[in-house]
Amino acid sequence: MSALPEESRCPFSGDEPVVPAQYVTCPGSDPHSAAARLRERGPVHPIDFPAGSADHAYVVVDHASVMRAFSDPGISKTLEAAPAWFREQTVQSSSVLTSNMLLADPPEHTRLRKLVSRAFLPRRMELLLPRVQEITDDLIDAFPESGEFDLLEAFALPLPMMVICAFLGVPYADRDRFIDWGRVLSQDPSQEGEAALERKRVNDQVVEYFTDVLAQRRAQPQEDLLGDLVRAADEDGMFTDEELVSTAIFLVIAGHKTTANLVGNGVWALLRHPDQLELLREKPELTDSAVEEFLRYEGSVDRGTLRTAARDLTLGGQDVPEGSFVHLSVSAANRDPAVFDDPDRFDIARSPNRHMTFGHGPHFCAGAPLARLEGRVAFETLLRRIPDLACTVPPETLTWVADSSISRGLERLPVRIAGKQARRTNTV
């Protein structure tokens, strides 16, 4: 979307222009030009999303206001603060996702976050590193010796799924159903009709699957993340099985799609900027910095998850009534020229890089250490072992998935290689 679609008049103020729903539901190949035009007019704007709803909704497009909103106690993550129709529809169609930290405010959020926070400590990531490296090398070993293939299908998508399955302790053989569940449950919960029925079907499947897994862990304890969650629940008495199931599927969804997009979007950015690709090949010590720039420049998250004004407030000079949806445009904040020099320039050595892709404040992504670990290993290994990676079509012509207004990723990434380095990485 290179230009902001034609605006209508704001349905609830009578005089303010309202941004159409397409702004967040169909980001297209270039959401950044439209975001820049919008940001020039102000940081916060009324928006018609969910489309056609009579409820107030606002989109936030500058870095300072997005950062403030992430931490503002007047902006709630709970379903209770959302309009009644949205709350009821979400609970009816996908109750499995309503009992984890994603939809909670402190102190409830603090309690639920304890379920997973210890899992992502540096020591645990250090212990996981050899397994991540092994999975990465195995996937590259399976590439054709030369020729064309889809890098998303062969690498970016299976890598985080294999890692999160190993991390949680669930069978990778069940990956197809996890991917299907994640696809359905990550869609807009305000959708009705067949979409709502499908979400309810998947919801029931998830509950049945993870209820059985938890029972197995209690009968035969194991040293994995699910085993740790069960022990924490049973020993401390702080968590219900419903919360365990909700947290488990949340980790699968969050740990797969966003990291897959990080890898795919990062490779896409490098292929579009061959000077930066060559620089990273010459200086692999820039990989950590490059991962941060991938997250900023074309991040895996387009906007933040559900937020609603818990009281009347003012954000970015805009009055936001209680009960209004507040949509935080992370991708727009990541291109704010008030924070980033030449924000549309892709620079793997950019410093500082205060991107908002992992959020900010109490809801800062708990899984950020794992995503960064996977990103570092993926790019270090891929560029070392595949010295001539090239896209088979102009990268700027590739299409973007439009089934979610939250995540941002390519539909496919066709590449060509002439050969690969057989040597694997020694992590011992």
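A brief structural summary.

Definitions and limits used
Residues numbered from 1 in each chain as written. Predicted model: local features only at pLDDT ≥ 70, side-chain atom pairs only at ≥ 80, totals over all residues. Heavy atoms only, no water. Helix = DSSP H or I, 4+ residues; strand = E, 2+ residues; numbered from the N terminus. Rg over C-alpha atoms; globule rule 2.2 N^0.38 Å. Contact = heavy atoms within 4.5 Å. Areas by Shrake-Rupley, 256 points an atom, 1.4 Å probe, with all protein chains shown as cover. Lys, Arg positive; Asp, Glu negative; His and termini not counted. Charge placed at Lys NZ, Arg CZ, Asp CG, Glu CD. Core = buried A, V, L, I, M, F, W, Y, C linked by side-chain atoms within 4.5 Å. Buried < 20%, exposed > 50% of the residue type's maximum accessible area, 1.4 Å probe, protein only. 1 Å grid on protein atoms, 1.4 Å probe; cavity = no way out; pocket = protein on both sides within 12 Å on 5 of 7 lines; lining within 4 Å. Points joined across faces, edges and corners; volume = space filled by probe spheres on them. Nonpolar A, V, L, I, M, F, W, Y, C, P; charged D, E, K, R; others polar.

1. Some remarks on the overall build of the protein chain
Piece 1. Of the regular secondary structure elements, the protein chain holds 16 helices and 12 strands.
Piece 2. Taken over the C-alpha trace, the protein chain has a radius of gyration of 21 Å; the compact-globule value for 428 residues is 22 Å, and the two agree within 12%.
Piece 3. Looking at the protein chain alone, contacts between residues at least 24 apart form 74% of all its contacts between residues at least 6 apart.
Piece 4. When the accessible area of the protein chain is evaluated, it comes to approximately 17900 Å², of which 52% is carbon and sulfur surface.
Piece 5. Computed over 45 positive and 65 negative side-chain charges, the inter-centroid distance for the protein chain is 3 Å.

2. Observations regarding the nonpolar core
Piece 1. If you look at the biggest cluster of nonpolar residues, it comprises 92 residues, and the most contacted ones within it are Leu151, Phe155, Phe210, Ile249 and Leu413.
Piece 2. When residues of this core are assigned to their parent elements, the largest contribution, 15 residues, is made by helix α12 (residues 241-272).
Piece 3. Beyond its immediate sequence surroundings of up to four residues, Leu151 is in contact with Phe143, Ala156, Val267, Leu382, Leu389, Leu413 and Val415.
Piece 4. Core analysis: the next-biggest nonpolar cluster, separate from the first, contains 18 residues, Tyr23, Ala35, Leu38 and Ala57 among them.

3. Some points on unusual backbone geometry
Piece 1. A cis amide bond, omega 5°, links Pro106 with the succeeding residue Pro107.
Piece 2. Along the chain, Pro107 turns up in the loop between α4 (84-94) and α5 (108-117).
Piece 3. The phi torsion at Asp342 lies on the positive side, around 45°, for a residue other than glycine.
Piece 4. Locating Asp342 in the fold gives a position in the loop between α15 (330-333) and α16 (368-385).
Piece 5. Looking at Asp342, the relative accessible area reads 47%, which means it is partly exposed.

4. Structural notes on the layout of surface pockets
Piece 1. What the largest pocket holds in volume is close to 410 Å³.
Piece 2. Lining of the largest pocket is provided by 23 residues; of these, Leu157, His256, Lys257, Asn261 and Val401 occupy positions nearest its centre.
Piece 3. Elements that contribute at least two residues to the lining of the largest pocket include exactly α9 (175-185) and α12.
Piece 4. Sort the elements by how many residues they give to the lining of the largest pocket and α12 lands first, with eight residues.
Piece 5. The residue makeup of the lining of the largest pocket, split by class, is 10 nonpolar, eight polar and five charged.
Piece 6. The calculated volume of the second largest pocket comes to roughly 220 Å³.

Everything listed here is a matter of geometry and, on its own, says nothing about what the molecule does.
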